[in-house]
Amino acid sequence: MTVLIKSGATDLNVINVLYSNVFDQGTVTYSTAAVGYPGANAQDEQTWNSWKPTAVPAYASVDLGAAVMCNCLGIDAHDLGTEAASVALQHSANGSSWTTIVSAYSPSDNDDIQVYFANTSARYWRVVIGDAVASIGVIKLGAALKFPCAPLEGHRALHHSRKVTMLSNQSAGGNFLGNRPVKMGAETSVNIGMVDRDWAENDLAEFETHFNNGGAFFYCGSPSDTPKDMGYCRREGGSEMSITWVEGDIMADVSFEMTAYVAS
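Here the structure is a predicted model, which is why all the values come from computation and not from measurement. (Residues numbered from 1 in each chain as written. Predicted model: local features only at pLDDT ≥ 70, side-chain atom pairs only at ≥ 80, totals over all residues. Heavy atoms only, no water.)

Trainee: An account of the overall build of the chain is needed here, citing residue identities and associated values.
Mentor: Along the backbone of the chain there are three helices and 15 strands. In terms of overall dimensions, the chain is globule-like: its C-alpha atoms have a radius of gyration of 20 Å, near the 18 Å expected for 264 residues. The C-alpha extent of the chain, read off along each of the three principal axes, is 65 × 65 × 30 Å. Per-residue burial for the chain yields a buried fraction of 47% across its 264 residues. Put simply, the chain shows about 12200 Å² of open surface, and 46% of that area lies on carbon and sulfur atoms. Distance from the positive charge centre (15 side chains) to the negative charge centre (28 side chains) of the chain: 8 Å. (Helix = DSSP H or I, 4+ residues; strand = E, 2+ residues; numbered from the N terminus. Rg over C-alpha atoms; globule rule 2.2 N^0.38 Å. Buried < 20%, exposed > 50% of the residue type's maximum accessible area, 1.4 Å probe, protein only. Areas by Shrake-Rupley, 256 points an atom, 1.4 Å probe, with all protein chains shown as cover. Lys, Arg positive; Asp, Glu negative; His and termini not counted. Charge placed at Lys NZ, Arg CZ, Asp CG, Glu CD.)

Encoded structure:
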């Protein structure tokens, strides 16, 4: 799990959720794509498939037609660590002269990557793979939703919520022959307690719909204080987001349950 915080990033001591994606809003170009690994795989939210270029440097770029503000990048279901590859994030006003926000970051593993940076408006954005050919299953780039607070005390962080089914084996005589763990992601609940009802009815509304409809999102409980409480998540089972009016309908109590992808 990697959280990169760049200069100028704000509101990092509260829950940050990235669910919208500018790669779904403009004209997207992939430099190359291997057979069976089209660029569209990096946009469909699924973790079982991926985009894989044929040579590096390789890029996934988007032309939004007009400047759009972004402050967060999420990458998941990748093998950058295994392949000793790097990833960079750049933006441009004209599509030819690029400014770098993240320069050739080389992760040591294949866990989630989340990057938080200053509010930046640009028409063109691109994610660049360098050093070695690698695959990326999910790319999300956009403006993170900043909650009013971090999770309430007693919250079980995602890195402490991993589900592991243990398959044990023993002989006919009762001798222990070993265990085989089967990893099954992570599950937790998030309770932010009472917040202003106006925020819950307006700022949260779009994410509530995205969440209830099963959309995936990048979550971090507090990038600056609890960066390990992060993951690429989706709604857990049949539980919709719970929003209950309280305190004479002036406030709203908000909570939701989620499950997260965990790299094997």
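Trainee: Before we move on, could you go through the pattern of salt bridges and cite the residues and values that matter?
Mentor: Following the criterion strictly, the structure yields three salt bridges and no others. Where K140 meets E45, a salt bridge forms, and the shortest distance between an N and an O atom there is 2.8 Å. With K140 in strand β8 (residues 136–142) and E45 in the loop between β3 (27–30) and β4 (58–78), this residue pair connects regions lying 95 residues apart in the sequence. Between D63 and R123 there is a salt bridge; the shortest N-O distance is 2.7 Å. Here D63, found in strand β4, pairs with R123, found in strand β7 (residues 113–130); they are 60 residues apart in sequence, far enough to count as distant. The exposure class assigned to R123 is partly exposed, which follows from its relative accessible area of 30%. (Salt bridge = Lys/Arg side-chain N within 4 Å of Asp/Glu carboxyl O.)

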